[in-house]
Amino acid sequence: MGTEHSKNERRSSMIFLRKGPKLPAWEDALLAGKEPKSLLKRGLRYVSLSLIMKGMTSTPDFLWGLPEVQKLNLSRNQLVVIPPSLGKLDRLVVLNLGGNCLKCLPKEIGLLRNLKVLFVNMNCLTEVPAELSLCRKLEVLSLSHNCISQLPLSFTDLTSLRKLNLSNNRFVQIPLCIFALRNLDFLHLGSNRLESIAESVQYLVNLQIFIIENNNIRNLPRSLCFITTLELLNVDYNAIQTLPDDLYLLRRLQRIAWNPMDKGLHIAHNPLSRPLPEVVEGGLDVLFNYLREKKEHN
């Protein structure tokens, strides 16, 4: 009698489980008796966890009990919010939150003092928390494809930042705090709403790649010509009519470039005044000679 009763209990519990919603693979793995730590991969450099493309709309609670994680990939899900618990993962070096539905980041992100690489591209951000500037080791930051129009002034504290991608946002002018980031070697501001470039751009003395394509820029400041480290300058698809005479000082621009990946000067699809279109067709040396002679005659 007792045995029959226990069999019925097991049968009814199995039916109940079958009726429940199908769980994501990562949660199935846990329910199969595995510990959360079994999802970690221990490489030569980092302890990593990848939950890419799992269809998640919220972060799993077990995540915040894995403080040893150094590299975390939560990209290409449908996450709407990242909870304050993120601050518990204070060993994180690389964090990828790209391709989600995030409208904001928790201020606790400032507790990630070891963070060097952060991707929050392709989300719905309208602002960035000032606390992010507490991540003083940050070297790479991508905020592309969001709805951001300004940055906190405290970003001047991100002195280790080398690569910054702000493309496909809503900037009308380059945030002043960027000009304090003297170690930047890559800056992408393409596909925004920029109308000008401040003379302060000259303070980015280590800049090698500067992309400002697809904006509404009408002229280039003379001070841009003093960033002699530039190897790629992309001003395609703007409203530029004239070029600064000192542009020939950018000797590391090796050619007029047409392929987006090529180093050099990208200046296609601008309403250049004559005779500049014909001069540009002759190549970079012809353009630089023309500008140099023009300056000498002035």
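Our subject in this report is the structure included herewith. (Residues numbered from 1 in each chain as written. Predicted model: local features only at pLDDT ≥ 70, side-chain atom pairs only at ≥ 80, totals over all residues. Heavy atoms only, no water.)

Side note on the overall build of the protein
- A count of helices and strands for the protein gives four helices and eleven strands.
- By residue count, 45% of the 298 residues in the protein fall in the buried class.
- Counting only contacts in the protein whose residues sit at least 6 apart along the sequence, the fraction spanning at least 24 positions is 31%.
- Element-wise, carbon and sulfur atoms account for 51% of the exposed surface of the protein, whose accessible area totals about 15,900 Å². (Helix = DSSP H or I, 4+ residues; strand = E, 2+ residues; numbered from the N terminus. Buried < 20%, exposed > 50% of the residue type's maximum accessible area, 1.4 Å probe, protein only. Contact = heavy atoms within 4.5 Å. Areas by Shrake-Rupley, 256 points an atom, 1.4 Å probe, with all protein chains shown as cover.)

A look at the pairing of strand E2 (residues 47-50)
- What you see with E2 is a clean split: Val47 and Leu49 sit on the buried side and Ser48 and Ser50 on the side with no burial.
- Pairing of strand E1 (residues 41-42) with E2, which is carried by two bridges, proceeds in the antiparallel orientation. Looking across to E2, one finds that Lys41 is bridged to Ser48.
- Counting the residues between successive antiparallel strands, the hairpin from E1 to E2 contains four residues.
- For E2 and strand E3 (residues 71-73), the ladder comprises three bridges, and the chain directions are parallel. (Pairing = 2+ DSSP bridges.)

Topic: the sheet that holds strand E7 (residues 163-165)
- Read from one edge to the other, the open sheet built from eleven strands follows the order E1-E2-E3-E4-E5-E6-E7-E8-E9-E10-E11, with strand pairing classed as mixed. A single partner strand is all that each edge strand has here, and the edge strands are E1 and strand E11 (264-266).
- Two strands pair when backbone bridges link them, and strand E10 (residues 232-234) and E11 are joined in this way by three bridges, in the parallel orientation. Looking at E11, one finds that Leu233 is bridged to Leu265.

Looking at the pattern of salt bridges
- If you walk through the whole model with that rule in mind, you get twelve salt bridges.
- Here the salt bridges share partners, and the residues they tie into one network are Glu139, Arg162, Lys163 and Asp185. (Salt bridge = Lys/Arg side-chain N within 4 Å of Asp/Glu carboxyl O.)

Some remarks on the state of the cysteines
- Taken as a whole, this structure holds zero disulfides when the rule is applied.
- Cys101 takes part in no disulfide bond, and the closest cysteine sulfur to it belongs to Cys124, at a distance of 5.6 Å.
- Relative accessible area serves as the criterion here: at 33%, Cys101 is assigned to the partly exposed category. (Disulfide = S-S within 2.5 Å.)

Section: the environment of Val235
- Within the fold, Val235 resides in the loop between E10 and E11.
- Linking Val235 and His266, residues 31 residues apart in sequence, is a C-alpha distance of 5.8 Å.

Focus: the nonpolar core
- Ranked by size, the top nonpolar core spans 81 residues in total, and within it Leu151, Phe210 and Leu287 carry the most contacts.
- Within the residue set of this core, elements represented by two or more residues are E2, helix H3 (276-281) and helix H4 (284-297).
- Not counting residues within four places of it along the chain, the set of residues in contact with Phe210 comprises Ile174, Leu187, Leu189, Ile197, Val201, Leu224, Leu230, Leu232, Leu233 and Asn234. (Core = buried A, V, L, I, M, F, W, Y, C linked by side-chain atoms within 4.5 Å.)

A word on the environment of Leu63
- Relative to the helices and strands, Leu63 resides in the loop between E2 and E3.
- Taking the C-alpha atoms as reference, Leu63 lies 7.9 Å from Pro36; in sequence the two are 27 residues apart.
- Setting aside its immediate chain neighbours within four residues, Leu63 contacts Leu49, Leu72, Leu74 and Leu89.

Description of the environment of Thr59
- Residue position: Thr59 is located in the loop between E2 and E3.
- A relative accessible area of 10% means that Thr59 is categorised as buried.
- Sequence separation between Thr59 and Val81 is 22 residues, and the spatial gap between their C-alpha atoms is 8.3 Å.
- Apart from the residues within four sequence positions on either side, Thr59 is in contact with Trp64, Leu74, Leu79, Ile82 and Pro83.

Quick word on the side chain of Asn192
- Positionally, Asn192 belongs in the loop between strand E8 (186-188) and strand E9 (209-211).
- Residue classification places Asn192 among the buried positions, given a relative accessible area of 7%.
- Polar side-chain contacts of Asn192 include one of 3.1 Å to the backbone oxygen of Leu166.
- At 3.0 Å, the side chain of Asn192 forms a polar contact with the backbone oxygen of Leu189.
- Not counting the four nearest positions on each side in its chain, Asn192 is found in contact with Leu166, Ser167, Asn168, Asn169, Arg170, Phe171, Asn214 and Asn215. (Polar contact = N/O pair within 3.5 Å; in protein donor to acceptor, adjacent residues only side chain to side chain.)

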